[in-house]
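This is what each chain is made of:
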Amino acid sequence: MILLQEFNFNIFEKVIDIVVNQGGYYGLPRDIALKKAEYYLTMAGVYFVNLKQHSQARSYAQKAIALRKGWGSPYLLIGDMYSSSTKLCGENDFEI
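Residue positions are counted from 1 within each chain, in the order its sequence is given. It should be noted that, the model being predicted, local features are given only for residues of pLDDT at least 70 and side-chain atom pairs only at 80 or more, the latter also being counted only at that level, while totals for whole chains, interfaces and linings use all residues. As a rule here, side-chain values come from all non-hydrogen atoms in the structure, and water together with hydrogens is ignored.

Enquirer: An account of the pattern of salt bridges is requested, with residue identities and associated values reported.
Expert: Side chains bearing opposite charge may pair, as long as their charged atoms lie close to each other. Salt-bridge detection follows one rule: a side-chain nitrogen of Lys or Arg within 4 Å of a carboxyl oxygen of Asp or Glu. Taken as a whole and assessed by the stated rule, the structure comprises one salt bridge. One salt bridge in this structure joins Arg68 and Glu38, with 3.2 Å as the shortest N-O distance. In this pair, Arg68 sits in the loop between helix H3 (54-67) and helix H4 (73-85) while Glu38 sits in helix H2 (residues 30-50), placing the two residues 30 residues apart along the sequence. Strands here mean DSSP runs of E at least two residues long; helices mean DSSP runs of H or I at least four residues long; both are numbered from the N terminus.

Below you can see the structure in the form of structure tokens.
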């Protein structure tokens, strides 16, 4: 399970040290966290495109976001999910 965390840091600490040590890796080595984030984004894509399970896809995308801060790809995928789901709401563009 991945939990969100807050940043607690010394104001005199270098920015790169803050990002590397507290940037969302949650105690995992950086290379493992990045591989897991890639895996979660891939799974999000599979659930969205192939299986049409938007809630599960969004969950995987959010896990990828938690592991890799500042990564835009999961946010774009979530946006694609929301935009594609509008077609399920009505018969035409003006109907809600």
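Enquirer: How would you summarise the packing of aromatic side chains if you had to cite specific residues and measurements?
Expert: Working definition: a ring pair exists when centres of Phe, Tyr or Trp rings (six-membered ring for Trp) sit within 6.5 Å. Plane angles under 30 degrees give stacked, over 60 give edge-to-face, the rest tilted. Tallying each qualifying case throughout the model produces three aromatic pairs. Both rings, one in Tyr39 and one in Tyr40, keep their centres 5.7 Å apart while their planes meet at 55°; by these two values the pair is tilted. Between the aromatic rings of Tyr40 and Tyr60, the centroid separation amounts to 5.9 Å while the plane-to-plane angle is 35°, which identifies the pairing as tilted. Taken as a pair, Tyr40 in helix H2 and Tyr60 in helix H3 lie far apart in primary sequence, 20 residues in all. The two residues Tyr40 and Tyr60 agree in class, both being buried. An aromatic cluster is built from Tyr39, Tyr40, Tyr47 and Tyr60, whose rings are joined through pairwise contacts. Classification of residues uses two cut-offs on accessible area relative to the type maximum, computed with a 1.4 Å probe and protein chains only: under 20% is buried, over 50% is exposed, and between them is partly exposed.

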